[in-house]
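Descriptive structure summary
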Amino acid sequence: MTPILFWALKFALFLLAVAMLCAVTRLLIGPTAQDRVLALDCLYINGMLMMLVLGIIYASNVYFEAAMLIALFGFVGSTAMAKFLLRGEVIE
């Protein structure tokens, strides 16, 4: 791996961590439930992207599989939360 790519990936990890910190603050102080759901969506997307960057850095397939699981569970969870906020129940 070239030094420029290595430092670019480290910088990307730092920026993703800052984005996750911003999402956590929105999650904690969000005035409405919709803000909190959006913050959770942002958290799982940033977590998935961090796993992908780590997979590139360490050249391991395990990180890519973990990113796939995070994406799957995040999508299902955000869909269930959105349905609950719209209708008041998840299972009809």
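How each quantity is defined
- Residues numbered from 1 in each chain as written.
- Predicted model: local features only at pLDDT ≥ 70, side-chain atom pairs only at ≥ 80, totals over all residues.
- Heavy atoms only, no water.
- Phe/Tyr/Trp six-rings, centres within 6.5 Å; stacked < 30°, edge-to-face > 60°.
- Buried < 20%, exposed > 50% of the residue type's maximum accessible area, 1.4 Å probe, protein only.
- UniProt positions renumbered as here; feature names shortened; annotations may be inferred.
- Helix = DSSP H or I, 4+ residues; strand = E, 2+ residues; numbered from the N terminus.
- Patch = residues over 30% accessible without salt bridge, like charges linked within 9 Å, V, L, I, M, F, W, Y side chains within 5 Å.
- Areas by Shrake-Rupley, 256 points an atom, 1.4 Å probe, with all protein chains shown as cover.
- Salt bridge = Lys/Arg side-chain N within 4 Å of Asp/Glu carboxyl O.
- Expected span 1.5 Å × (residues − 1).
- Contact = heavy atoms within 4.5 Å.
- Core = buried A, V, L, I, M, F, W, Y, C linked by side-chain atoms within 4.5 Å.

1. With respect to the packing of aromatic side chains
For any pair of aromatic rings, the description rests on two quantities: the centre-to-centre distance and the angle between the ring planes. Counted according to the given criterion, the structure contains two aromatic pairs. With a centroid separation of 5.4 Å and 80 degrees between ring planes, the pair formed by Phe6 and Trp7 is classed as edge-to-face. Since its relative accessible area comes to 58%, Trp7 is described here as exposed.

2. Section: the UniProt feature "transmembrane region" (unreviewed entry) in the protein chain
If you check UniProt for "transmembrane region" (unreviewed entry), the listed places come out as residues 6-29, 41-60 and 66-86 in our numbering. Split by type, residues 6-29 is 100% helix and 0% strand. Its first and last C-alpha atoms lie 35 Å apart. Within the segment residues 66-86, helix and strand shares are 100% and 0% respectively, and the terminal C-alpha atoms sit 30 Å apart.

3. Some remarks on unusual backbone geometry
Positive phi, close to 50 degrees, is recorded for Ala59, a residue that is not glycine. Here Ala59 shows up in the loop between helix 2 (33-58) and helix 3 (61-87). Classification of Ala59 as exposed rests on a relative accessible area of 71%.

4. Some words on a nonpolar patch on the surface
Judged by side-chain polarity, Leu69, Leu72, Phe73, Phe75 and Val76 come together as a nonpolar surface patch covering roughly 550 Å² of accessible area. Here Phe73 lies in helix 3.

5. So, helix 1 (residues 3-29)
The end-to-end C-alpha distance of helix 1, which contains 27 residues, comes to 39 Å, matching closely the 39 Å that a straight helix rising 1.5 Å per residue would cover. For helix 1, the complete set of buried residues consists of Leu9, Leu13, Leu16 and Ala23. Considering only its buried residues, helix 1 is in contact with helix 2.

6. Topic: the nonpolar core
Counting five residues, the largest nonpolar core is built from Leu9, Leu13, Leu16, Val53 and Ile57. If we skip the residues at most four places from it in the chain, Leu16 touches Asn46, Leu49, Met50 and Val53.

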